[in-house]
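Here is what each chain is made of, one letter per residue.
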Amino acid sequence: MAAQVGLGRKPLSETLMGYVLIGTEASQFSGKARAALRWKGVSFDEIVATPQVYRDLIEPRVGYGVIPVLLTEAGQAIQDSADIIDFADRDEAGPSIHPGTPLHELLSLLLELYADEWLVIAAMHYRWSHDDAWIVEEFGRTARPDVSREEQIEVGQVIAKPIRDAVPRFGVSDDTVSGIEAHFEGFLADFSAHLRKLPFVLGHRPSLGDFALFGALYGPFYLNPVLNEQMRRLAPLVVAWVERVRDARAGAGALLPNDEAPASLYPILTRQMSEQAPVLADAIRAMQEWAKAQPSGARVKRSLGAHEFVIGGRRGERSILTFALWRLQRVRDHYQSLTGGDRERAARLLDAVGGMALVSAPLPVRLDRRDYRLVVA
Ligand SMILES: N[C@@H](CCC(=O)N[C@@H](CS)C(=O)NCC(=O)O)C(=O)O
């Protein structure tokens, strides 16, 4: 069980024992990593990412300010929610967060790509342009638990400014807001239909896809009282699932036998492919163009200009975000690793949801991650 480490009472060097997860309650990717580690039974303390923690712990190790970060007793800092999860599966006892079997793994990686890189658009919109009072106050509470509510709101506004300014880069604008809401409500309806059949994404226990979706829904929506209320009205089964994933501990329940792919996930993936796949294909083209003049090891820019995109039937503009290609490369690597009947079953699944073109071709530029940054391999 995570306990808050008493910052300010003891020097940090004395408190860093065992694993320490640095994050915040409201952050999408901290929520994903935290829920996965807890489910697996990894014992860790948690440090709240205050400005002081960014300055003293995160930036010296990672080189820039980002959460979540997992610190190990050996002094390693692991950043990126997927790396934290992969590390736990590799180095810690307990059942695997990754399902590992051919189709279940494919579904999990696709849903991770969707939750991390597409549902984040909805999370950004609802959090910042739909109802931002809660998150501003939450930022203030997190950064300065010691001051009055009024002061926390002021502090929250200062912290919120650069994040709010970044929201349009995800494609949130007056032109797209109704499309984002239509997409999100469509997702909630499809996921509710799935949850009428199964308690988790792939059966009777959570796995990677649950944790990625949980991240997108817990901090941004569930914790915000206004958005929680709306989600409860629109999709009570999804709210119950959020609570199940939050409270789940390994030991009870199993994934569906025989690597069975639930048909009730197909509508979610079809919606993903119809809207996220063109954006990824465009990002691949931009990456190919940019990488022509780049040597191996060159740092990949976070964004390669802007492009048009469509969400929920509404057209807008967003940054061409390169990180999504890193998640896509994982999906493609997994698909490429399959052979024989496994590959055929995976191909049938991809065909059924319109994802074949996106997943079957290798990326024209191989990516790697060094020093917590994306580079040309
Ligand atoms: N791909 C990263 C994304 C992490 C991320 O975007 N974290 C947010 C908070 S939820 C953040 O720290 N953003 C600041 C930044 O990326 O500069 C992961 O999965 O860990």
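This structure is a prediction, so every number in the text was calculated from the model and none was measured.

## A word on the overall build of the chain
For step 1, the next point in the chain: What the chain contains, in helices and strands, is 16 helices and 8 strands.
For step 2, the next point in the chain: The C-alpha atoms of the chain give a radius of gyration of 20 Å, which matches the 21 Å a tight globule of 377 residues would have.
For step 3, the next point in the chain: Seen along its three principal axes, the alpha-carbon backbone of the chain occupies a region of about 60 × 50 × 45 Å.
For step 4, the next point in the chain: Expressed as a percentage of its 377 residues, the buried residues of the chain come to 43%.
For step 5, the next point in the chain: When contacts within the chain are restricted to residue pairs at least 6 apart in sequence, long-range pairs at least 24 apart make up 74% of them.

## Side note on the sheet that holds strand β1 (residues 19–23)
For step 1, the next point in the chain: Taken together, 4 strands build an open sheet; the order of strands is β2-β1-β3-β4 and the sheet is mixed. Both edges of this open sheet fall to β2 (44–48) and β4 (77–79), since each of them pairs with a single strand only. Within the sheet, the average angular offset between the axes of one strand and its neighbour, ignoring direction, is 25 degrees.
For step 2, the next point in the chain: Strands in contact with helix α2 (residues 28–40) are β1 and β2; relative to β1, the strand with the most contacts, it is inclined by about 155 degrees.
For step 3, the next point in the chain: Sheet contacts for helix α4 (residues 81–91): β3 (69–71) and β4; angle to β4, the most-contacted strand, approximately 125 degrees.

## Let's talk about unusual backbone geometry
For step 1, the next point in the chain: At the junction of Ile 67 and Pro 68, the peptide bond is cis and its omega measures out at 5 degrees in the coordinates.
For step 2, the next point in the chain: Take Pro 68: it is sitting in the loop between α3 (51–62) and β3.
For step 3, the next point in the chain: Of note, Asn 258 is a non-glycine position whose phi angle comes to about 60 degrees, a positive value.
For step 4, the next point in the chain: Within the secondary structure, Asn 258 is located in the loop between α12 (236–247) and α13 (266–291).
For step 5, the next point in the chain: The phi angle at Asp 371 is positive, at roughly 50 degrees, despite the residue not being glycine.
For step 6, the next point in the chain: Residue position: Asp 371 is located in the loop between β7 (367–370) and β8 (373–376).

## Some thoughts on helix α7 (residues 133–143)
For step 1, the next point in the chain: Within the sequence span of α7, burial applies to Ile 135, Val 136, Glu 138, Phe 139, Gly 140, Thr 142 and Ala 143.
For step 2, the next point in the chain: Of the surrounding secondary structure, the elements contacted by the buried residues of α7 are β2, α3, α6 (119–130) and α8 (149–166).

## What to know about the domain arrangement of the chain
For step 1, the next point in the chain: Per the domain assignment, the segments of the chain are domain 1 (12–91) and domain 2 (102–123 + 175–376).
For step 2, the next point in the chain: Between domain 1 and domain 2, the C-alpha centre-to-centre distance is 22 Å.
For step 3, the next point in the chain: Those elements that place two or more of their residues in the side of domain 1 that touches domain 2 are α2 and α4.
For step 4, the next point in the chain: It is α2 that contributes the most residues to the side of domain 1 that touches domain 2, 8 residues altogether.
For step 5, the next point in the chain: Taken together, the residues of the side of domain 1 that touches domain 2 break down into 8 nonpolar, 7 polar and 3 charged.

## A short note on helix α5 (residues 102–117)
For step 1, the next point in the chain: In this model, α5 (16 residues) spans 22 Å end to end at C-alpha, consistent with the 22 Å of a helix rising 1.5 Å per residue.
For step 2, the next point in the chain: For α5, a buried count of 16 out of 16 residues is recorded, marking the element as mostly surrounded by other parts of the structure.

## Comments concerning the confidence of the model for the chain
For step 1, the next point in the chain: Chain-level pLDDT for the chain is 95 on average; 96% of the residues reach the 70-or-more range.
For step 2, the next point in the chain: Low pLDDT, under 50, characterises residues 1–10; the stretch is placed with 16 contacts to residues that sit more than four places away or in other chains.

## Observations concerning the nonpolar core
For step 1, the next point in the chain: In terms of nonpolar packing, the biggest core is built from 99 residues, with Ile 22, Ala 36, Leu 110, Ile 121, Leu 217, Val 238 and Val 242 touching the most fellow members.
For step 2, the next point in the chain: Per-element accounting of this core gives the leading share, 10 residues, to helix α10 (residues 208–222).
For step 3, the next point in the chain: Of the domains in this structure, domain 1 (12–91) and domain 2 (102–123 + 175–376) are the two that each give at least three residues to this core.
For step 4, the next point in the chain: Beyond its immediate stretch of four places on either side in the chain, Ile 22 contacts Ile 47, Ala 49, Val 53, Leu 57, Ile 58, Ile 67, Pro 68, Val 69 and Leu 71.
For step 5, the next point in the chain: Judged by nonpolar contacts, the second largest core, of 7 residues, contains Ile 135, Val 136, Ala 143 and Val 155.

## Notes on the pairing of β1
For step 1, the next point in the chain: By the criterion of burial, β1 is predominantly enclosed, with 5 of the 5 residues buried.
For step 2, the next point in the chain: What you see with β1 is no split at all: Tyr 19, Leu 21 and Gly 23 on one side and Val 20 and Ile 22 on the other are buried throughout.
For step 3, the next point in the chain: Of the pairings in the sheet, the one linking β1 to β2 comprises 5 bridges and is parallel in character. The partner of Val 20 across the bridge, within β2, is Asp 45.
For step 4, the next point in the chain: Taken together, the 3 bridges between β1 and β3 define a ladder with antiparallel strand orientation. Within the sheet, the bridge partner assigned to Ile 22 lies in β3 and is Val 69.

Analysis parameters
- Residues numbered from 1 in each chain as written.
- Predicted model: local features only at pLDDT ≥ 70, side-chain atom pairs only at ≥ 80, totals over all residues.
- Helix = DSSP H or I, 4+ residues; strand = E, 2+ residues; numbered from the N terminus.
- Rg over C-alpha atoms; globule rule 2.2 N^0.38 Å.
- Buried ≥ 20, exposed ≤ 12 C-beta atoms within 10 Å, placed from the backbone.
- Contact = placed C-beta atoms within 7 Å.
- Pairing = 2+ DSSP bridges.
- Axes fitted to C-alpha atoms, helices over the stretch in contact; angles between N-to-C directions.
- Domains from an automatic or database assignment.
- Nonpolar A, V, L, I, M, F, W, Y, C, P; charged D, E, K, R; others polar.
- Expected span 1.5 Å × (residues − 1).
- pLDDT = per-residue confidence, 0-100.
- Core = buried A, V, L, I, M, F, W, Y, C linked by C-beta atoms within 7 Å.

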